[in-house]
Amino acid sequence: MAIIGTDTARAAAHLKAGELVAIPTETVYGLAANALDVAAVANIFAVKARPSFDPLILHIADWRDLATYVTALPPQALVLATAFWPGPLTMVFPKREIVPDLVTAGLPSVAVRMPSHPMALTLLQELDFPLAAPSANPFGYVSPTTAAHVAKQLGDKIPYILDGGPCEVGLESTIVSFATAVPTVLRKGGLALEAIFEALGQEIAVQTHSNSKPSAPGMLAQHYAPEVPFRLGSYLGRDASSAKAYLVFGPDMPTTEPHVYNLSPKADMAEAARNLFAIMRQLDQANYQEIVAQLLPEQGLGAAINDRLRRAASRG
Ligand code: TXA
Ligand code: MG
């Protein structure tokens, strides 16, 4: 079983030995390995049961490291890095040869992010290599936002889980690609699109995902799925049965009714984001036969939360 602790030096020692360590970030917990060590990266795919066509994000602690791994840094990317790094933003660039093909699933581009969690930054500063880290969950399942979530699913497969407490953001990073013809948002996430558009002074394209386009890796419509059947719907008043759980949001919805789970009674999107994955896991482990989730207003982090709810509800 993995040891759970707060010792970044110990985490660094495991990583230097080519082993995997689960690390806290402000978005979700990551399953990290030395990104330049192909055997270690291969182990990430094995432990997650992740298909090798789904590329990984490179985590760095200093954005000047970018020059080592990417060939071009467009001015707009510099604007976003300055405004939002460290933080819940990943950017995709044409890659340099030093980045192993396994990390990028053979793509000529690489995704890079600088996390803001202090423990992640301390750890990265102790290392002379970047960390490849997908979310620390079995492929297709809800991302982990606590060390306990990681331990439950991957604890018997890795030596160490670095415990940085519950994730502050609770949604995976927003991904913007600069390797596409025009800058394109590939994944809505913990940084609201409005903030990105404001920093750039313009709107940019937003990609919609599909199940049939392998050229858009990781953008599968069905993802983030609990095991209990999950669908979108509204809470229409007390339900006599206890077979259904309702995921709701805002002050017009119950806060104390049994089987109704309010992501944020005060309609705070950041609070809802922080709670979302932990509640989805909790409901998946209770004895419900169905989970019914209500969409949030499609703005700010609500758009990213809705993306996760829609994908959890998608059946292929
Ligand atoms: O917040 C996060 O981003 C977390 C923490 C641990 O940093 N990581 C995360 O990783 O969510 P993962 O592997 O679960 O999701 C990474 C996504 C995948 O959908 C993958 O397809 C996409 O990033 N991606 C990675 N490299 C890419 C590339 N070169 N081009 C397009 N998409 C890429
Ligand atoms: Mg993931």
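These remarks concern the structure in this document. (Residues numbered from 1 in each chain as written. Chains lettered and ligands numbered in written order. Predicted model: local features only at pLDDT ≥ 70, side-chain atom pairs only at ≥ 80, totals over all residues. Heavy atoms only, no water.)

Regarding the sheet that holds strand 6 (residues 109-113)
Here eleven strands make up an open sheet; going across it, the order is 1-8-2-3-7-4-6-5-9-10-11 and the pairing mixed. Of all the strands in the sheet, the pair left with one neighbour each is strand 1 (3-5) and strand 11 (205-206). Examined bridge by bridge, strand 1 and strand 8 (residues 160-162) share three bridges and lie parallel to one another. Across the sheet, the residue bridging to Ile4 is Ile161, located in strand 8. (Pairing = 2+ DSSP bridges. Helix = DSSP H or I, 4+ residues; strand = E, 2+ residues; numbered from the N terminus.)

Points about the site of ligand 1
With respect to spatial proximity, 26 residues lie near ligand 1, and among them Thr27, Arg50, Asp54, His59 and Ser173 are the closest. Between ligand 1 and Arg113 there is a distance of 2.9 Å, counted from an oxygen atom to a side-chain nitrogen or oxygen. Separating an oxygen atom of ligand 1 from a side-chain N or O atom of Ser173 is a distance of 2.5 Å. The fraction of the free accessible surface of ligand 1 (680 Å²) that becomes covered by protein chains is 96%. The set of elements that each furnish at least two residues to the shell around ligand 1 consists of strand 4 (57-59), strand 6 and strand 10 (184-187). When the residues that make up the shell around ligand 1 are grouped by side-chain class, the tally is 14 nonpolar, seven polar and five charged. (Near = heavy atom within 4 Å. Polar contact = N/O pair within 3.5 Å; in protein donor to acceptor, adjacent residues only side chain to side chain. Areas by Shrake-Rupley, 256 points an atom, 1.4 Å probe, with all protein chains shown as cover. Nonpolar A, V, L, I, M, F, W, Y, C, P; charged D, E, K, R; others polar.)

Overview of the packing of aromatic side chains
Enumeration over the complete set of coordinates arrives at three aromatic pairs. An angle of 10° between the planes, with centres 5.9 Å apart, marks the rings of Phe93 and Phe178 as stacked. Pair noted here: Phe93 is in strand 5 (residues 89-94) and Phe178 is in the loop between strand 9 (174-177) and strand 10, with a separation of 85 residues, a long-range link. On the accessibility criterion, Phe93 (0% relative accessible area) is buried. Taking relative accessible area as the criterion, Phe178 reaches 10% and is therefore assigned buried. Taken together, a centroid distance of 5.1 Å and an interplanar angle of 75° make the contact between Tyr235 and Tyr246 edge-to-face. With Tyr235 in the loop between strand 12 (230-232) and strand 13 (244-248) and Tyr246 in strand 13, this residue pair connects regions lying eleven residues apart in the sequence. (Phe/Tyr/Trp six-rings, centres within 6.5 Å; stacked < 30°, edge-to-face > 60°. Buried < 20%, exposed > 50% of the residue type's maximum accessible area, 1.4 Å probe, protein only.)

Examining helix 8 (residues 193-200)
Turning to helix 8, its buried residues are Leu193, Ile196, Phe197 and Leu200. For helix 8, the buried positions fall inside an angular range of 95° around the axis, keeping them on one side. Against the buried residues of helix 8 lie helix 4 (75-84), strand 5, strand 9, strand 10 and strand 11. Downstream of helix 8 by a residue or two, Gly201 has a phi angle that is positive, lying close to 75°. (Arc of directions from axis to C-beta. Contact = heavy atoms within 4.5 Å.)

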